[in-house]
Amino acid sequence: MDNPLHYLQLALNEARKSPPKPTNYCVGALLLDTSTATPTIVTTGYTLECPGNTHAEQCCFIKLAAKHNLPEERVGEVLPEEGCVLFTTMEPCAYRASGNITCVERILRCGRIKTVVSGVREPDTFVEGNNGRSILEKAGVKCIYVRGLEEEILEVAKAGHVQQNDEMK
Ligand SMILES: Nc1nc(=O)c(N)c(NC[C@H](O)[C@H](O)[C@H](O)COP(=O)(O)O)[nH]1
Ligand SMILES: [Zn+2]
C-alpha cells in the first residue's frame, strides 16, 4: 500500500472534528478499499460523530452500514473479501470504561478488515496496556504503526483532557 502516511493524515483531519471530552480521546478513522487499481476511501469516522458514546472506528461501520440499509453488525457484507485497510489515528480499543462493545470486537465481527494502520498506541490514561494488537494479530489481522504524526495525534486526542499545568494554576 503506497503512502500510508497520507491516509493517516486524512484520519487525523477527521479526528480534529471530534468534540473534546475529558473521558475519552478524539480519534479519527477511515476505511480504505485497496482491492481495485485505485484505492478508495469507503467511509470515515471520528469520535462522537454518530449519536451516543461512539468511537471513530465504530462510526465508520455505522455510516457504511447505514448507506446500505444494514445494521452495523452486518457491515462486512458490503466489503470485499480482501484488501480492506482500517486507518485509525489511535490503535483500536480493547476495553471501554463504558462497557460498550470495543472496536477490536467490531473489527473482528466485520470480518473483512485484514490490516489496521494506526499512528499511536493507546496511552494508559483510561486503559492500562491496550492489548488489542495481540488479539487482532491472533485473529489474522495485520497491525501496522506508521510513525511521523504521533505528537499531533496525541495533541488532538487529548484536547478535552485537563492538562497537568492547568491544574497547577
Ligand atoms: N481507538 C479509539 N477510538 C476512539 O474513538 C476512542 N474514543 C478511543 N478511546 C479509548 C478509551 O480507552 C475509551 O474512550 C475510554 O476507555 C472510555 O470508554 P468509552 O469511550 O466511554 O466507552 N479509542
Ligand atoms: Zn474503540
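Going by the structure above, here's the rest.
Residues numbered from 1 in each chain as written. Chains lettered and ligands numbered in written order. Predicted model: local features only at pLDDT ≥ 70, side-chain atom pairs only at ≥ 80, totals over all residues. Heavy atoms only, no water.

> Please give an account of the overall build of the chain that cites residues and values.
In terms of regular secondary structure, the chain is built from 6 helices and 5 strands. Sequence-ordered secondary structure for the chain, helices as α and strands as β, is α-β-β-α-β-α-β-α-β-α-α. For 169 residues, the compact-globule formula gives about 15 Å, and the C-alpha radius of gyration of the chain, at 15 Å, lands near that figure. Its C-alpha atoms give the chain principal-axis dimensions of about 55 × 30 × 30 Å. Taken over 169 residues, the chain has a buried fraction of 47%. Residue pairs at least 24 apart in sequence account for 70% of intrachain contacts in the chain once pairs closer than 6 positions are excluded. Surface summary for the chain: the accessible area is close to 8400 Å², and the carbon and sulfur share equals 52%. On the chain, the mean spot of the 18 positive side-chain charges and the mean spot of the 22 negative ones are 3 Å from each other. (Helix = DSSP H or I, 4+ residues; strand = E, 2+ residues; numbered from the N terminus. Rg over C-alpha atoms; globule rule 2.2 N^0.38 Å. Buried < 20%, exposed > 50% of the residue type's maximum accessible area, 1.4 Å probe, protein only. Contact = heavy atoms within 4.5 Å. Areas by Shrake-Rupley, 256 points an atom, 1.4 Å probe, with all protein chains shown as cover. Lys, Arg positive; Asp, Glu negative; His and termini not counted. Charge placed at Lys NZ, Arg CZ, Asp CG, Glu CD.)

> Residues and numbers for the pattern of salt bridges, please.
Applying the stated criterion across every chain yields a total of 10 salt bridges. One salt bridge in this structure joins Glu152 and Arg16, with 2.8 Å as the shortest N-O distance. Placement of the pair is Glu152 in helix 5 (residues 150–157) and Arg16 in the loop between helix 1 (4–15) and strand 1 (28–33), with a sequence separation of 136 residues. Between Arg133 and Glu137 there is a salt bridge, and its shortest N-O distance comes to 3.3 Å. Residue Arg133 and its partner Glu137 are both found in helix 4 (residues 132–138); the two are separated by 4 residues, about one turn of the helix. Ionic contacts of the salt-bridge type, sharing partners, join the residues Glu72, Arg106 and Arg109 into one network. (Salt bridge = Lys/Arg side-chain N within 4 Å of Asp/Glu carboxyl O.)

> Give a detailed account of the site of ligand 1, specifying residues and quantitative values.
Taken together, 20 residues lie near ligand 1, and Thr47, His55, Arg96, Ser98 and Glu122 sit nearest. A distance of 2.8 Å separates an oxygen atom of ligand 1 from a polar side-chain atom of Thr47. Measuring from an oxygen atom of ligand 1, one finds a backbone N or O atom of Ala97 at 3.2 Å. Calculation on ligand 1 without its partners gives an accessible area of 500 Å², and the protein chains cover 97% of this total. In the shell around ligand 1, the residues fall into 10 nonpolar, 6 polar and 4 charged. (Near = heavy atom within 4 Å. Polar contact = N/O pair within 3.5 Å; in protein donor to acceptor, adjacent residues only side chain to side chain. Nonpolar A, V, L, I, M, F, W, Y, C, P; charged D, E, K, R; others polar.)

> Hey, could you go over the side chain of His161 for me, with residue numbers and the actual values?
For His161, the location among the structural elements is in the loop between helix 5 and helix 6 (164–168). His161 gets classed as buried once you look at its relative accessible area, which sits at 12%. Apart from the residues within four sequence positions on either side, His161 is in contact with Lys21, Pro22, Asn24, Tyr25, Thr125 and Phe126.

> Describe the packing of aromatic side chains, naming the residues involved and giving the relevant values.
Tallied over the full model, the rule gives 2 aromatic pairs. Measuring from centroid to centroid gives 5.4 Å for Tyr7 and Phe87, while their planes differ by 45 degrees, and the two rings are tilted. Of this pair, Tyr7 sits in helix 1 while Phe87 sits in strand 3 (residues 84–90), and the two are 80 residues apart along the sequence. Residue classification places Tyr7 among the buried residues on the basis of a relative accessible area of 11%. What makes Phe87 buried here is its relative accessible area of 0%. Judged by centre distance (5.0 Å) and plane angle (65 degrees), the rings of Tyr25 and Phe126 are edge-to-face. Here Tyr25 is found in the loop between helix 1 and strand 1, whereas its partner Phe126 is found in the loop between strand 4 (113–120) and helix 4, with 101 residues between them in sequence. Given a relative accessible area of 6%, Tyr25 falls into the buried group. Given the relative accessible area of 32%, Phe126 is considered partly exposed. (Phe/Tyr/Trp six-rings, centres within 6.5 Å; stacked < 30°, edge-to-face > 60°.)

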